[in-house]
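Observations on the model geometry
If you want the building blocks of each chain, they are given just below.
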Amino acid sequence: MANLVLMHTSLLFLSTLFHCVHLSDQFQPFQYNALKQIQQFLNYPSVLTVFDNTWDFCNVEPSPFLTIVCYEDNVTQLHITGNNGVFPPSLPRNFSIDALFSSISSLSNLKVLSLVSLGLWGPLPATIGKLSSMEILNLSSNYINGFIPLELSYLNNLQTLVLDHNKFTGQIPHWVSSFNDLAVLSLKNNSLFGSLPSSISSSENLGVLAMADNHLFGEIPSLQNLTNLQILDLKNNYFGPSFPVLHHKVVTVDIRNNSFKSSVPNELNSYFQLEKLDISINELIGPFPPSLFSLPSINYIDISGNKLTGKLFQNMSCNAHLVLVNLSSNLLTGELPACLRENVEEGVVSYDGNCLSGEEGNQKPLSFCHNEALAVEVSPQKLRHKERKAMAVLVSSLVGGIVGLAVIVGLSLWVFQRRNRRAAMKGPSTRLITEKLSTVNTVKLLSDARYISETMKMGANLLTYRAFALEELKEATNNFSHPSIVGEPSLIQIYRGKLGDGTAIVIRSIKMRKKHSPTMFTQHIEIISRLRHNHLVSCIGHCFECCPDDSTVGIVYFVFESLPNGTLRSSICGGGVRLNWAQRITAGIGVAKGIQFLHTGIMPGVFSNHLKITDVLLDPNFHVKICTYNLPLLAHQNAGLM
């Protein structure tokens, strides 16, 4: 009997020993100890009582307050969230944030750490820099104070940094742009001061930049190169005076309650993915572009509390999905668009404090808005900016002329050789511009053309792409009257017109069915808006029209610049103004640069152009512009842009 008891005891001991070794292989003791210490430092909150009942933390059932994720028995994610903002009971008086992060740093494989609403206080310890595998760090809604520590910059794999609703002070460190993969940078509601570091312009992967509710000031660095930026939240600071320069793919722009004093850039009309625009409570001046109402993705516009001018028309177009439009306290005149009036009673639209005619409520006399608009002066800073811009244009023109002359001389020999081989050519394909050149000469030609193209862009005076109001196009074409019609192909009507500023335009209209909604055209319009080059006939805007008598049918208008001097062919072989030999060489270079831009200047490139000499037009200065270049949505049409 004693032997049986001894054997049973031995087996039980071995079983227990084996079980302990097995658990140790699954979950190393140092990780267990680290989690138990975290429980202790947080004063044993109820949501962490699960730590008392198991070794197998990797299989703990996730909840809104606690989630642990493992990979190969190593803790890779730790999420702890306070219950209703604060754990009961609160942190002990002898709480040490240094001790807490010392325990956390022993979890060396941690990729995601989220400690939210735990009442953490004290400066963020330098030990945070030991978490070299960290990809997502969220410490929001605590009382962490002091400067953002340099040791955070050691986290080379960081993709998301959220420190919202804390007590951080000091400036935003310049090294925030050193994270190659940083996609989210959110430092809202702290006590940060100073300017936004210029290095932020190089954070190419940044998708969210949120700095709201701080004490930040100064000019915003250009964010135009941040092609992935979707959310810009800078409200309740002191940024300004210039409106931020952004990439056209941005979705949310919230710069409410700052110190912006410039005009609203026309480029906003090409932000086809823009859903929310809040520029309220600033000192913005100049005309407000009402075509923003009809952007294909827009649903929220707040421009209240500025000094924006402009005339609204009753028949302007609006996006059907607008949930808020606030035009209050500006200097707008004209009439409230009918598409907005429908939502006034529902509280969606506000327009008090303007000079709109025929409106009830708090509207000022028309003379008030005119006098206030005249009282707004151009700041000396703007004047200096214009002077610098004019000097840049002058320098770029001189450089462009010198480089262009050198290329013309070099290409003269090439043209002479081409003439001797003309018999070998079979047709006017655009590929013939370079197909007979040696590899070295081809590379040299494209390199020179690229350099000249970039130089000319510095001083280019291309018309800005924007969304037009239907009323503008009606005025330009005398309500699309018959004399303005140029041609009437099977699917397109073409009109000539003149804008209010005297710009001659050509308008193409296309009927579209409901299944081809404006949203579906966003991608095509985005490509069209980027086709901007000195040697392309520019599409300068678009306009959507919904037919009131048939909700399933709409019209999209594309607006092009108009060139009156005919085709390149007519100036070489016809009865028009004859180009001399130097002008013909320059024309050949221009066509080459236009084609190169179509193929390599945008992504994706535009190919299959089937270019003919009749597709090349001359502007008033007899510079060539390609008018038929497989434009999206219009590629199947063969009507010219005369």
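Reading guide: rules and limits
In every chain, residue numbers begin from 1 and rise along the written sequence. With pLDDT at 70 or above as the cut-off, local features in this predicted model cover only qualifying residues; side-chain atom pairs require 80 or more to be listed or tallied, and sums for whole chains, interfaces and linings still use all residues. Just so you know, side-chain values use all the structure's heavy atoms and leave hydrogens and water out. UniProt positions are given in the numbering used here, feature names are shortened, and annotations may be inferred rather than shown by experiment. Helix and strand definitions here come from DSSP, where helices need a minimum of 4 consecutive H or I residues and strands a minimum of 2 consecutive E residues; each element is numbered from the N-terminal end. Using a 1.4 Å probe on the protein chains alone, a residue whose accessible area is under 20% of its type maximum counts as buried, one over 50% counts as exposed, and one in between counts as partly exposed. Methods summary: accessible areas were calculated by the Shrake-Rupley approach with a probe of 1.4 Å, and residue burial reflects only the protein chains presented. Salt bridges are identified by distance alone: a Lys or Arg side-chain nitrogen within 4 Å of an Asp or Glu carboxyl oxygen. DSSP-based pairing: two strands are paired if at least 2 bridges between them are found. In protein, a polar contact requires one atom able to donate a hydrogen and another able to accept it; more generally it is a pair of N or O atoms within 3.5 Å, and residues adjacent in sequence count only if both atoms are side-chain atoms.

An unreviewed UniProt entry lists the protein chain under the name Protein kinase domain-containing protein, with Gossypium tomentosum given as the organism. The annotation that UniProt attaches to the protein chain under Subcellular location (unreviewed entry) is "Membrane". The record held by UniProt for the protein chain lists under Sequence similarities (unreviewed entry) the comment "Belongs to the RLP family."

**Let's talk about the overall build of the protein chain**
Tallying secondary structure elements over the protein chain gives 11 helices and 31 strands in all. In the protein chain, buried positions account for 46% of the 642 residues. Per element, the accessible surface of the protein chain, about 32,000 Å² overall, is 55% carbon and sulfur.

**Quick word on the pattern of salt bridges**
Following the criterion strictly, the structure yields 7 salt bridges and no others. The partner of Asp254 in a salt bridge is Lys235, with the nearest N and O atoms 3.7 Å apart. Taken together, the positions of Asp254 in strand E15 (residues 252–254) and Lys235 in the loop between strand E13 (231–233) and strand E14 (238–239) put the pair 19 residues apart, joining distant regions of the chain. Of the residues examined, Asp254 reaches a relative accessible area of 4% and is grouped as buried. Note on Lys235: relative accessible area 22%, which makes it partly exposed.

**Details of the sheet that holds strand E4 (residues 121–123)**
As summarised here, the arrangement of the 3 strands in space is E4-E6-E8, forming an open sheet in which the pairing is parallel. Only two strands of the sheet have a single neighbouring strand rather than two, namely E4 and strand E8 (167–168). For strand E6 (residues 143–146) and E8, the ladder comprises 2 bridges, and the chain directions are parallel. Counterpart to Gly146 in the pairing with E8 is Phe168.

**Regarding the environment of Ser178**
Residue position: Ser178 is located in the loop between E8 and strand E9 (184–186). The exposure class of Ser178 is partly exposed, given its relative accessible area of 41%. Taking the C-alpha atoms as reference points, Ser178 and Ile200, 22 residues apart in sequence, are found 9.0 Å from one another. A polar contact is formed between the side chain of Ser178 and the backbone oxygen of Trp175, at a distance of 2.6 Å.

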